[in-house]
Each structure stands twice: as C-alpha cells, then as structure tokens.
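Here's the letter readout for the chains.
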Amino acid sequence: MSSRKTEKGKDSFRLFGQDIDVIIAVFANILSWLVATFAPSYVPYLLPNIPEEDKSETVSRNDQTQCIAIGRPGGIEQLRIISLKSGFVTCGYNLGYPSPFADLSDKTDDDLPPNTVVVRIHAFSVNYADCCIRWGLYESANKFVGWPIVPGFDIAGVVERVSSSSSSSSDDNFRVGDRVYGATFFGAYSTRCLVPSRQLRKIPNGISFSDAASLPAVSLTSLYSLYLAGRFPQQVCVPKNRSILIHSAAGGVGSMLVQMSKLLGLSPVVGVVGRTAKVEHAESLGCDTVIDKSSLKKGQDLWIAAKDALGTEEGYAAVADANGVSTLQGSFDALSPTGRLVVFGFHSNLPMGQDMLHPMEWLKMIFKMSKMPKFDPMDLVVSNKSILGFNLSFFVNEIEMLSQMYDQIGRWITEGKLEVPRVTEMSMEEIGAAHQLLQSGKSVGKIVMVTKQDK
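Residues numbered from 1 in each chain as written. Predicted model: local features only at pLDDT ≥ 70, side-chain atom pairs only at ≥ 80, totals over all residues. Heavy atoms only, no water.

Visitor: Looking at this structure, I do not really get the overall build of the protein chain. What am I missing?
Guide: Looking only at helices and strands, the protein chain features 13 helices and 19 strands. The globule rule puts the C-alpha radius of gyration for 455 residues at 23 Å, and the 22 Å found for the protein chain is close to it. C-alpha extents for the protein chain along the principal axes are approximately 70 × 55 × 40 Å. Restricting to contacts in the protein chain with at least 6 residues of sequence separation, those with at least 24 account for 70%. On the protein chain, roughly 19800 Å² of surface is accessible, and the fraction owed to carbon and sulfur atoms is 53%. Where the 44 positive side-chain charges of the protein chain centre and where its 46 negative ones centre are 4 Å apart. (Helix = DSSP H or I, 4+ residues; strand = E, 2+ residues; numbered from the N terminus. Rg over C-alpha atoms; globule rule 2.2 N^0.38 Å. Contact = heavy atoms within 4.5 Å. Areas by Shrake-Rupley, 256 points an atom, 1.4 Å probe, with all protein chains shown as cover. Lys, Arg positive; Asp, Glu negative; His and termini not counted. Charge placed at Lys NZ, Arg CZ, Asp CG, Glu CD.)

Visitor: Explanation requested: the packing of helix 5 (residues 216-228) against helix 6 (residues 252-263) in the structure shown.
Guide: For the pair helix 5 and helix 6, interaxial distance at closest approach is 8 Å and the crossing angle is 50 degrees. On the basis of their axis angle, the class for helix 5 and helix 6 is oblique. Note on packing geometry: the crossing formed by helix 5 with helix 6 is right-handed. Contacts between helix 5 and helix 6 involve Val218, Ser219, Thr221, Ser222, Leu223, Ser225 and Leu226 from the first element and Gly252, Val253, Met256, Leu257, Met260 and Ser261 from the second. In terms of residue class, the contact of helix 5 with helix 6 is built from 7 nonpolar, 6 polar and no charged. (Axes fitted to C-alpha atoms, helices over the stretch in contact; angles between N-to-C directions. Parallel < 35°, antiparallel > 145°, perpendicular 65-115°, else oblique. Left-handed = near helix turned anticlockwise from the far one by under 90°. Nonpolar A, V, L, I, M, F, W, Y, C, P; charged D, E, K, R; others polar.)

Visitor: What exactly am I supposed to notice about the pairing of strand 13 (residues 269-273) here?
Guide: Two faces, one strand: in a regular strand the side chains alternate between the faces of the sheet. Among the 5 residues of strand 13, 5 are classified as buried, and the element is accordingly described as predominantly covered. Side chains of strand 13 alternate between two faces, with Val269, Gly271 and Val273 and Val270 and Val272 buried alike. When strand 12 (residues 244-246) meets strand 13, the two strands line up parallel, connected through 3 bridges. Counterpart to Ile244 in the pairing with strand 13 is Val269. The handedness of the strand 12 to strand 13 crossover, carried by helix 6, is right-handed. Pairing analysis gives 4 bridges linking strand 13 to strand 14 (residues 289-292), with the strands arranged parallel. Bridge pairing in strand 14 places Val270 opposite Thr289. With respect to chirality, the unit in which strand 13 leads through helix 7 (residues 279-285) into the neighbouring parallel strand 14 is right-handed. (Buried < 20%, exposed > 50% of the residue type's maximum accessible area, 1.4 Å probe, protein only. Pairing = 2+ DSSP bridges. Right-handed = clockwise from strand over helix to strand, strands pointing away.)

Interpretation note: all reported values are geometric properties and have no functional meaning in isolation.
Structural data, given as structure tokens:
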C-alpha cells in the first residue's frame, strides 16, 4: 500500500457515514489480525517496500539514519526499524520534502532549508497519537503524509548540522553540539531528523535527554488547553469559579495539566484516574482530590463523585477531556454556567488491548463513534457553556503562539516550578512493547525510547 500525499488536502468521500480513510484502516487492521492469527508465516507480505530503505549488507549504523517506519495501517508488525540510504534523514510535513524523508546526501549547509537544523536524536517519546497513526486513524497523518510514515513528535538530542542561512535570533541561534529538545510534525521515531529551529529549544541544565523528550507534546497540549479554558495567560479579571476537572490526571498530558493548573491559580484541581495504582502519583502532582474510577462501588457514579469533590452545586469552570464517548456528555453536564469543556482526544472511542486487536474491537469502535454526543448550539447559548477542541499536529502556522508557549514552559522548568512527567525508558528496539503498553492503558506518565548513541 502506498499513498504518499502530494497535496495538502483530501477528498470528502464517505462510506457508511465514515471517512474513507477510517474504513480502509479498519479493514487493514482486521487483515493484520487474520494473518497474524491464522497464517503468521505470511506476515512479511504485509510489510510494503519503502524505497528510501537501504537493504545492503554494508549499512553504517553510525553514519546512516535508522528510523521506525510504518508502511500501511495495521498492528505491531508494521513498526519496523529500517536503515535509510546514505544522506537521508526524517523530517516533518512542513518542510517541503516528500515527507517523511529528506535526501541531504548532496546538500551542504548552504543548501539546507533556511532556519533548520539536523538533530542527532538521543531520545524520542511515544504518545497515544502514535498508536492512532499506526492504526491509520490519525487525521493529520493521513492528510499531510500518507504511507509510509515515520510517527512521533517529541525529540531530544544534539545539533549535528545547522543551516547556513539560519537567523541570529535568540530562538534560532543553535550551534553544532548544542543539546536541544522540541517537536517535529511527524518523523521523531528516528536517529536523525531535519527540524525547523523555531520548533526547538536548548535543554535546561540538569535535564536528561529522556526527560527533555517527554515534554514537548504533553506540555504544549496542556498549556493550550488552559489557554482555551481562559486561564492562560492569567486573566486580569479573575473569575470567582476557578475549579477544573482533569480526566486521566496521571497520564502524560494529565500530569502537566495538574501542575500548570496549580501554577495558574486554579482551585480546586480534581483529577480522575482509572486505576488505584495511579492515585498516589496524581496526588503528588498537586490534585486537591483524586477520583479513582476503579474503586467506585457498584452503582456509584463518577459524576456524583465529581460533584462531591467540588463541594458545591455550581459545577466546574473547566473540564479537560481526552476520553471521548465514555465521558464527553458527562463532562459537559458537569460544567458551571460560563464553563468550558476542552477536548483534545477520543481514547475511549478507540480499540483497547495490549496484544493484537481482535476484529470485534474495530466493530466496537464503529459502534462507539455512532454514539458520540451531539450538542445543540441553541443549548450552548442558553446554558452559557462552551466546547472547544484542538489538535496540535495542525498548528504548523501558529509560529508566534507556539513560541510563546515554549518559552513559558521553559521558564517554569528552569525555575523548578514544573516537573517533567514520570518517564519509563525503553530502547528503540522495544518500540512494539512500548505501543502495547501504551494502548493497554497501564502506563503512567511518559514512555521514552532511547537510541543507541545514548547507551
């Protein structure tokens, strides 16, 4: 399967009410399950050829880029570590190359795109979005990249090359050897990546590559969520109700949201977790109350517990929800007048399970999508409530806004006010196990993959 995008757009054709990419992805994943379950010897036939791969026996792991490429929608079997041909690196979709690869074999520093650097990656993090990319269910990946794709957003490493035309501004003034971290619009699962300088910052003293790689996506998502909630930058007119309910409070984004909410003066900060083992971590981050869904007694309701935690009938000023169908309506109902529901994911809509996903999981997904709540604009006006959603992978043109958020996060880290997420380190070769752990729902904080040069 090959569908590398040449235009930044796509058809609006739909089948059974679903985007055609979703339908293709579902059937591709079911095919992966069928082959892996009943004819495992045929799994290699599910792995499309990638023209940029160097299949020779003389590959130099030090000089050539290794990356994790996905050739088509599917299961764990699609996560393949490959060596790219000499001179190739990975890159994001906003650099004008046929993403996800850039051929720099015949390019001097003068020929690199303006204000870019090549980063030798020491660590990259794994986000739930990466599982969605592998499944073929991530909108921006389908729209701007297609197949094959190198997933991932968060990187940390050392500057290896600098564009000769780079500006001398404080944000972009990098030199070879600088320790940097930041985000790329896909392409992070790699040992070498071409990145615009504006998407990087120098790693603060005392922060490891793994800790730095855990930060960009979750911290930017959290801060933008609080921006949409009307809490960042801090308001001149401070509202009376400053409460916030945070779902998945012990996860990567949740752990940042809890800390930032406290820094920005929100109170009470109520966190929701799915397992008892995550309660202590959520409390240590600063939650005033933690609701453990797994310990709710039979017949006990999450939303009653949320109201009890608030201590009033007023409702929450803000709710941060990446769950989707399982909590979206309840989150909206839990808002106070003038309250804002911020949505940045739909985890409960998607298949769950640590191993190869059974076809029934995909049928459940389609059913869940049909049950998504619908909100009447007239009701929003009468109830004085707002619903706001976003996905940072579409923000390539929001340069100034992202820069301001990067700088604020950096200040908090440098001042010791913001702690990095709890990190679970794994080697790059363990990427399949990392995806399995993440989609099982049992991970805490962030999973970070370490490349061989940091061993």
